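Coordinate analysis (summary)
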Amino acid sequence: MDIKESVEKRIEKTIELLNALKDKTTLTYLQGLHSIKVDCESISDFDKAYKYATIIIDLLQRNVIKYDDTPENQDLVNDIWVTAYDTKARQGDFESFCIAMEWNRPINKQFYLPRAKLLKKHGFVQAIQDLIDDKLDLLVLNAPPRVAKSTIGLFLQVLLGSISPDESILGAGHSVSLVQSFYSEILSLLTDEQYRYNKIFPNNKLVNKSAEQYYIDLNKIKRFHTFNYVSIESGGTGKVQAERLLYCDDLVKDVEQANSPDRLAKLYFNYTSTIKDRKIQRLCKDGVYRPCPELHICTPWSLHDVTSRVVNNAKESGDMSRVRIVSVPCYDEFGESNFEYDYGKGFNTQYYKDMEIAEDPVIFSAKYLMKPIERDGIVFSKDNVSFYNELPGEEPDRIIAYADPTHGGADFFSLPVGYVYGNEIYIEDILFENNFGGDDYIRPKICDIIIRNNVTRFGIEKPNGGDFLATLIENDLREKNYHCHITTHNVPTNKSKNDRILARQNEIKGIATENGTYRIYFKNLDLIKGNKPYLNAMRQLFTWNQNPNMQNKQHDDFPDSLAGMLNNVLNGTTNVAKVYDASRFGV
């Protein structure tokens, strides 16, 4: 009987003994599972070892195992627990690797566990696991600065390089200083005693490294190293190779570079000719040879930056089944922080609101909202629109509102309320919502903003059901004993939406270019920090782009409703709403 057969018989015997145990909550039962796991790994039955490691972790996470809480027992259980994570990590389980690496670190110093709940919720962890499992050719992770997205990439590289040390990983960044930081962090994960790397991969040895050339070799010295790092400016032709992973982190250096089409074009050329062309094919788990996968971690600065063009190329190929884009803005759907981690990590909602007020809107949109914006073509900004801190002391001449309606979906229902003093319009309130449940949801909100502001004149754009909505609102207000003059308005067929907004851009900016023209003023941004509808509307105004190639890639509901207010409620020809018998529609 050879060694493998002997171990297999021992495994069978241990399984029989465990099955015979009546109480499967004892330390003896746990030790038996651990023994099976260890034996399975010793004979390279890795699937079964993984299975038993998963069972052990599940039992301990659910506190199923009962034992006397002595130091000896606690040490034994901890050892069984962490080595179960070790086993799963060696088989490429990303979460287990992160937990095992940081097992001995104080929880408040750890990277993974304080962030795990949200990283999993946002899809980062599953996406990384699918990349490890050869299910993806391209993965893009977009998230705000300093939420640990690069650390995710570094842990991934160490795991992949440790499982397949003979398959090169190539990492690229915008500068030498950045790739130097990648090299230093990888080296720290491999050698720093605060991590358990040598316990997880005891057979891997660091045999070669260069702080000048930014490479590291595991187990043997190679021409194409286990870990290679180059800046996108210098490239890697002839000296590096990407077989297990091409890792691209922050290829665009800053907003100045992002604003230069020529510099972006050169950057893309550098990527294709000195970075991407270093990829070679590898045999995937499904038995198919494919080029090594790419992971891009970035700020989506521009529609013309490297990563955006890589994604567009993938879309044009017609098959996105092996492409995943995980893009998570700083705010969730309720305007709260997406990245307020446990143990004081991450950033709360107030931090992001303060940054939104302080930051240039175009930069904030890209860095924090994951919306690439082309500054060339931006019409409105914090520097060229007009603001007010409080309304004039006297009563307004009239209070008006205008709606660019939608009935749900991605488009916004935009309804600004203007207090009119002579030729000056103060936008005092805004209803601005999308992805809602139709007219039954939005109608009470329309009535509320009208009554709350004592609106006397309300215009609604006719297309997209504006006529019928006007009738419903008029009936709703009548039931509340409130009178408001409601009008509906056709959209001019001789002007595009772009042209309508641009024709009124001076009034929207608060610039009086001719006698009799109106000037719009918006609330000081410091006064609307907690006002989600107003903030979202201003954000859309500041990121609206007049370039034709942007028209199907952006929302324009707020600037269009401002133009509609000027054209239709104040200047244009109006049509009085036709009142229908609403009972015909079941209302």
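Refer to the preceding data block for the structure.
Read on for an overview of the structure. Counting of residues starts from 1 at the beginning of each chain's written sequence and follows it residue by residue. Only residues with pLDDT of at least 70 are given local features in this predicted model, and only at 80 or more are side-chain atom pairs given and counted; all residues enter the totals for whole chains, interfaces and linings. The basis for every side-chain value is the complete set of non-hydrogen atoms in the structure, without hydrogens or water.

Taken together, the side chains of Asp2, Glu5, Glu8, Glu12 and Glu16 define an acidic patch exposed on the protein surface. By secondary structure assignment, the location of glutamate 8 is in helix 1 (residues 3-20). Note on classification: 1.4 Å probe, protein chains only; a residue is buried when its accessible area is under 20% of the maximum for its type, exposed when over 50%, partly exposed between these limits. By relative accessible area, which is 34% here, glutamate 8 ends up partly exposed. Patch construction takes residues with relative accessible area above 30% that form no salt bridge. Like charges are linked within 9 Å, and nonpolar side chains (Val, Leu, Ile, Met, Phe, Trp, Tyr) are linked within 5 Å. Each accessible area is a Shrake-Rupley estimate made with a 1.4 Å probe; only the visible protein chains count as cover when residues are assessed. By definition, a salt bridge exists where a carboxyl oxygen of Asp or Glu is found within 4 Å of a side-chain nitrogen of Lys or Arg. For the purpose of charge, His is not counted, nor are the chain termini; Lys and Arg are scored as positive and Asp and Glu as negative. Where a charge lies is defined by one atom per residue type: Lys uses NZ, Arg uses CZ, Asp uses CG and Glu uses CD. Secondary structure elements are taken from DSSP: a helix is a run of H or I of four residues or more, a strand is a run of E of two residues or more, and numbering for both begins at the N terminus.

Time to look at unusual backbone geometry. Phi at aspartate 134 is positive, roughly 65 degrees, even though this residue is not glycine. Position of aspartate 134 relative to the elements: it lies in the loop between helix 7 (124-132) and strand 1 (138-142). At alanine 148, a residue that is not glycine, the phi angle is positive and equals roughly 85 degrees. Counting through the fold element by element, alanine 148 comes out in the loop between strand 1 and helix 8 (149-163).

The tally for this structure, following the rule as stated, stands at 32 salt bridges. A salt bridge links arginine 105 to glutamate 102, with the shortest nitrogen-to-oxygen separation between them at 2.9 Å. Arginine 105 gets classed as buried once you look at its relative accessible area, which sits at 15%. A relative accessible area of 0% places glutamate 102 in the buried class. One salt bridge connects aspartate 560 with arginine 500, and the closest N-O pair in it is separated by 3.4 Å. Here aspartate 560, found in helix 21 (residues 557-571), pairs with arginine 500, found in helix 18 (residues 497-503); they are 60 residues apart in sequence, far enough to count as distant. A single burial state applies to aspartate 560 and to arginine 500, both of which are buried. What you see here is one network of salt bridges that share partners, running through Asp134, Glu167, Arg244 and Arg282.

Right, let's talk about the side chain of arginine 322 for a bit. Here arginine 322 lies in the loop between helix 13 (306-317) and strand 10 (323-327). Take arginine 322: its relative accessible area is 18%, and that puts it in the buried class. What qualifies as a polar contact is a pair of N or O atoms within 3.5 Å, subject to a donor-acceptor requirement within protein and to the restriction that residues adjacent in sequence count only when both atoms come from side chains. Among the polar contacts listed, one links the side chain of arginine 322 to the backbone oxygen of aspartate 134, at a separation of 3.0 Å.

What follows covers the sheet that holds strand 6 (residues 245-249). Pairing in this open sheet of eight strands is mixed, and the strands run 3-4-5-2-6-9-1-10 from one edge to the other. Edge positions in the sheet fall to strand 3 (206-210) and strand 10, since each of these pairs with one other strand and no more. Strand after strand, the sheet turns through a mean of 10 degrees between neighbouring axes, direction not considered. Here the rule is simple: two strands pair whenever DSSP picks up at least two bridges between them. Where strand 4 (residues 215-218) lies against strand 5 (residues 227-231), two bridges are found, and the strand directions are antiparallel. Bridge pairing links isoleucine 216 to phenylalanine 227 in strand 5. The criterion used for residue contact is that any of the two residues' heavy atoms lie within 4.5 Å. To obtain an axis, a line is fitted to C-alpha atoms, over the contacting stretch when the element is a helix, and the angle between two such axes runs from 0 to 180 degrees between their N-to-C directions. Relative to strand 6, helix 8 is tilted by about 165 degrees, and along the sheet it contacts strand 1, strand 2 (169-173), strand 4, strand 5, strand 6 and strand 9 (294-298). Across the face of the sheet, helix 9 (residues 176-191) comes into contact with strand 2, strand 3, strand 4, strand 5 and strand 6 while running at roughly 160 degrees to strand 5.

In this section: helix 1. To estimate how far a helix should reach, multiply one less than its number of residues by 1.5 Å. Along its 18 residues, helix 1 runs 26 Å from first to last C-alpha, staying within 8% of the 26 Å computed at 1.5 Å per residue. For helix 1, every residue scored as buried is listed here: Val7, Ile11, Thr14 and Leu18. Taken down its axis, helix 1 places every buried residue within 65 degrees of arc, on the same side. Those residues of helix 1 that are exposed and aimed more than 90 degrees away from the buried face are Glu16, Leu17, Asn19 and Ala20. Check the buried side of helix 1 and you find it contacts helix 2 (27-42). Measuring from the backbone nitrogen of lysine 4 back to the side-chain oxygen at the start of helix 1 gives 3.4 Å, which picks out aspartate 2 as the cap. This arc is taken over the directions from the axis of the helix to the C-beta atoms.

Another point: helix 13. Taking 1.5 Å per residue, twelve residues should reach 16 Å; helix 13 reaches 17 Å between its end C-alpha atoms and fits that length. Taken residue by residue, helix 13 has Val306, Thr307, Ser308, Val310, Val311 and Ala314 as its buried positions. Capping the start of helix 13, aspartate 305 holds a side-chain oxygen 3.3 Å from the backbone nitrogen of threonine 307, two or three residues further along.

Aromatic pairing here means that ring centres of Phe, Tyr or Trp (its six-membered ring) are within 6.5 Å. Orientation follows from the plane angle: under 30 degrees is stacked, over 60 is edge-to-face, and everything else is tilted. This structure, assessed with the given rule, holds 27 aromatic pairs. When the ring of tyrosine 183 is compared with that of tyrosine 214, the centres are 6.2 Å apart and the planes differ by 65 degrees; the resulting orientation is edge-to-face. Of the two residues, tyrosine 183 is situated in helix 9 and tyrosine 214 in the loop between strand 3 and strand 4; the sequence distance between them amounts to 31 residues. When its relative accessible area of 5% is taken as the criterion, tyrosine 183 is described as buried.

Geometric descriptors of this kind do not, in isolation, establish any biological role.
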